[in-house]
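Observations on the three-dimensional arrangement
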Amino acid sequence: MREVISMLLGCALLLGSLCRCKSAPLIASTVQNTPSSIASNMANPEPDDANSIAVPVEWVLYQARGYAFGFYHPASWTVVAEATDQVALTGSYGEQFQLALFQAQCGVGSEDFAQEEVLDCLGSRGNQAAGARLLSQDLVWEQHKLLYTFTYVVASAASQATSRQFMLVTALADGRMAVGLYQAPVLGPKTERDIEAVMASLRPGKIALQRVTPTPQPTPTELAGLEPRITLAPEATMQPAVAPDEWTMSICDGCGITILHPPEWEILQEESDHNLWRTRGSGLVVIGVGASPCKLADADAEQALACLVSARIAQTDPNSEFIPLDEGNEQTVSGTIYWLAYRSSTPEDQRPLAGLVFYRLLEDHRLVTVEYINAAGAPDPAEQAELLLVAQGVRLAEGQRVTPTPSPVPSATPTPYSTPTIEWLEPLMPVFSR
């Protein structure tokens, strides 16, 4: 176990030739601290309260042999190996957590190096590990403790192709540091916060901490930017839907919309606000309507798209992993249609799911959503073109339908936008610091 963590740290000190990587902004939901707040915390960190730790009430205490160290962890974790200065635990979904103590490296705990230099050094050494590629690195303050965090994707023959590693390093007294390594097929934002809390609870010696339950955060009851009207504007007119003659017309009674779709689609479930369909093959499509979480009428297209992407991420279970891959918008006869391609996984079902979702504002200011999901992969260009036509063809009532004018030169089914490149092993993402 210790060798696994040591491999991530490397064999030599690399402060003389640090790997400098440019920062790039990522999705807002993945950022816990803004650069200004980091600078403030770095300059004037709050004093560490060594007598209390905020962890969930159901978490349990692990105390190492010989009282070398101790920490709190989720009750579902089980100890599988331990020694004086290291321990390994596993969870109910096959996740693994290993923690070991080392002599400080890369300037961890020293005031002679800038924190960004320490972060880059640790990231550079960890990036040398065989089969692991650095996706992101970050500086995090968790309960007054500074954590150096690194996310890797693992693609070696001995592990799953989409497995994630989350490495955390924190300074200890007497020139030592603690290194935690979490590995699982899925790494959601809630899991990251839990692992950071585990590392923040680590103390050398015998643990005598007062445990307090974290204060639950208030849940927003309103979303800013909701379209105020749900009634059809008198001047609104609906253009005929463009769809092939052989397509079928279906009505979502609870939704109050008419849907044009390929004849081979099979209805699986009808609800008051959405229908679930099976497309050809193993793909599923959910078509529904509801209040828009973003301002779309007369809105800037880029800002509207960014809001829709953030809203879609916020809908995801925090235990799950949601990775946006590509996004854009199309100007059509039915108005602006926004789209997002993504990949997601859950701890229970670790298969990567391909997703492609289209958004369009209806005349009554409700948002229609056409979302495709498939464990077998992303839709091909022909399916993408069909999904865009379906999103264009949704109407508030049974309306006219026109057949697309055939092109004088036979051509393949048009692709509605530049086809998203969906790879199950993500390309190297820009390294960033909060």
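Everything that follows concerns the structure shown earlier in this document.
1. Quick look at the overall build of the protein chain
- A count of helices and strands for the protein chain gives 6 helices and 23 strands.
- Per-residue burial for the protein chain yields a buried fraction of 45% across its 434 residues.
- Taking the intrachain contacts of the protein chain between residues at least 6 apart in sequence as the baseline, contacts between residues at least 24 apart amount to 60%.
- Of the roughly 20900 Å² that the protein chain leaves accessible, carbon and sulfur atoms contribute 53%.

2. Re the environment of Val80
- Mapped onto the fold, Val80 is located in strand S4 (residues 78-83).
- Separated by 18 residues in the primary sequence, Val80 and Gln98 have C-alpha atoms spaced 10.0 Å apart.
- Apart from residues no more than four positions distant in its own chain, Val80 is found in contact with Ala88, Leu89 and Thr90.

3. With respect to the side chain of Thr191
- Checked against the element boundaries, Thr191 lands in helix H4 (residues 189-200).
- Non-local contacts of Thr191, meaning those with residues more than four positions away in its chain, are made with Tyr182, Pro318 and Asn319.

4. Brief notes about the state of the cysteines
- Scanning the entire structure with this criterion turns up 3 disulfides.
- Between the sulfur of Cys252 and that of Cys255 lies a disulfide, 2.1 Å long from S to S. Linking Cys252 and Cys255, the disulfide has an S-S dihedral of approximately 45° and is accordingly described as right-handed.
- Given the relative accessible area of 1%, Cys255 is considered buried.

5. A word on the environment of Leu147
- Relative to the assigned elements, Leu147 resides in strand S8 (residues 145-154).
- Given the relative accessible area of 0%, Leu147 is considered buried.

6. Concerning the pairing of strand S10 (residues 176-184)
- Of all the 9 residues making up S10, 7 are buried; the element is thus mostly covered by neighbouring parts of the structure.
- The sheet contact formed by strand S6 (residues 96-103) and S10 spans 8 bridges and is antiparallel. Following the sheet pairing, Gln96 is matched in S10 by Gln183.
- In the sheet, strand S9 (residues 163-172) pairs with S10 via 9 bridges, with the strands oriented antiparallel.

7. So, the packing of aromatic side chains
- Enumeration over the complete set of coordinates arrives at 8 aromatic pairs.
- Considering the side-chain rings of Phe71 and Phe97, the 6.2 Å spacing of their centres and the 70° angle between planes classify their relative orientation as edge-to-face. Residue Phe71 is located in strand S3 (residues 69-73), and its partner Phe97 is located in strand S6; the two are separated by 26 residues in the primary sequence. Both residues of the pair, Phe71 and Phe97, belong to the buried class.

8. With respect to the sheet that holds strand S7 (residues 132-142)
- On the basis of which strands lie adjacent, the open sheet formed by 7 strands has the order S4-S5-S6-S10-S9-S8-S7 and antiparallel pairing. Only two strands of the sheet have a single neighbouring strand rather than two, namely S4 and S7. The mean angle between the axes of side-by-side strands here comes to 15°, regardless of whether they run parallel or antiparallel.
- Here S8 pairs with S9 via 7 bridges, running antiparallel. Within S9, the residue paired with Tyr152 across the bridge is Gln165.
- Strands S6, S7, S8, S9 and S10 of the sheet are contacted by H4, whose axis makes an angle of about 25° with S9.

Analysis parameters
- Residues numbered from 1 in each chain as written.
- Predicted model: local features only at pLDDT ≥ 70, side-chain atom pairs only at ≥ 80, totals over all residues.
- Heavy atoms only, no water.
- Helix = DSSP H or I, 4+ residues; strand = E, 2+ residues; numbered from the N terminus.
- Buried < 20%, exposed > 50% of the residue type's maximum accessible area, 1.4 Å probe, protein only.
- Contact = heavy atoms within 4.5 Å.
- Areas by Shrake-Rupley, 256 points an atom, 1.4 Å probe, with all protein chains shown as cover.
- Disulfide = S-S within 2.5 Å.
- Pairing = 2+ DSSP bridges.
- Phe/Tyr/Trp six-rings, centres within 6.5 Å; stacked < 30°, edge-to-face > 60°.
- Axes fitted to C-alpha atoms, helices over the stretch in contact; angles between N-to-C directions.

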